[in-house]
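Given next are the chains, with one letter for each unit.
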Amino acid sequence: MSSLPFHETLDLSLCGKLGRVHRICRQAVTQAVEPLGFTQPRWTAMMHIHHLGEGCTQHQLASSLDIEMPSLTRTMKQLEENNVIERRIDKQDKRCRKIYFTAHGQAQLAQLKMRISEVKAHLYHGLSDDELNAIAHALVKLENNAQQCCDNISENGSTSE
């Protein structure tokens, strides 16, 4: 009698469980940074700007966040009104706006990163570096496989190449 692998015994599929864990972790960060005045769209935008690097375009940021430009534009306007970012017109392409942190935004980003670091320490409690690295490597492979699957379906209507 063969027993099922552990990942097949989860209430949800493995990918469903990943989604649930992601939502709960995002909620934990959102609750932790709320006293600093950050909403989930604002802190995620700030962290993606930080990750992409200052001078990224709004289009790059929208793609990184996997959201439509109108949704991003609202968040960018709020961050700009709060003096967190400034949007500058690209010298090479006047239609393009690049995003930079203000001095106030840099200070806000430092507080945000500190609070997220505290949450991550709590979330990672009891997991070794080897376990965290194994999870990270597996997630990268899973993401690449999912993207390849989507690309194959877009190109020829099936998951096989």
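To be clear, the structure that these remarks concern was listed above.
Residues numbered from 1 in each chain as written. Predicted model: local features only at pLDDT ≥ 70, side-chain atom pairs only at ≥ 80, totals over all residues. Heavy atoms only, no water.

1. Some points on the packing of helix H2 (residues 40-52) against helix H4 (residues 69-81)
Going by this rule: As a rule, the C-alpha atoms of each element are fitted with a line to give its axis, helices using only the stretch in contact, and angles between N-to-C directions run from 0 to 180 degrees. Under the DSSP-based scheme used, a helix requires at least four consecutive residues in state H or I and a strand at least two consecutive residues in state E, with every element numbered from the N terminus. Angle categories are assigned with fixed cut-offs, so that under 35 degrees is roughly parallel, over 145 is roughly antiparallel, 65 to 115 is roughly perpendicular, and the rest are oblique. Should any heavy atoms of two residues lie within 4.5 Å, those residues are counted as being in contact. Under the convention adopted here, Pro, Cys and the residues Ala, Val, Leu, Ile, Met, Phe, Trp and Tyr are nonpolar, Asp, Glu, Lys and Arg are charged, and Gly plus all remaining residues are polar.
Two elements in contact, H2 and H4, have axes separated by 10 Å at closest approach and are oriented at 85°. What the angle tells us is that H2 and H4 run roughly perpendicular. Taking contact as the criterion, the partners of Pro41, Arg42, Ala45, Met46 and Ile49 in H2 are, on H4, Thr75, Met76, Gln78 and Leu79. Tallied by class, the residues present in the contact of H2 with H4 amount to six nonpolar, two polar and one charged.

2. Comments concerning the state of the cysteines
Put simply, the rule reads: By convention in this document, the label disulfide applies to cysteine sulfur atom pairs within 2.5 Å.
The full count for this structure, using the stated rule, is zero disulfides. Here Cys15 is not disulfide-linked; the sulfur of Cys149 is the nearest cysteine sulfur, at 10 Å.

3. Topic: the sheet that holds strand E1 (residues 56-57)
Quick reminder of the rule: Between any two strands, at least two bridges found by DSSP are needed for them to pair.
Overall, antiparallel pairing links the three strands, which are arranged E1-E3-E2 in an open sheet. Sheet topology places E1 and strand E2 (85-89) at the edges, where each strand pairs with a single neighbour. Pairing between E1 and strand E3 (residues 97-101): two bridges, direction antiparallel. When the bridges of E3 are listed, Thr57 appears paired with Lys98. Sheet contacts for H4: E2 and E3; angle to E2, the most-contacted strand, approximately 115°.

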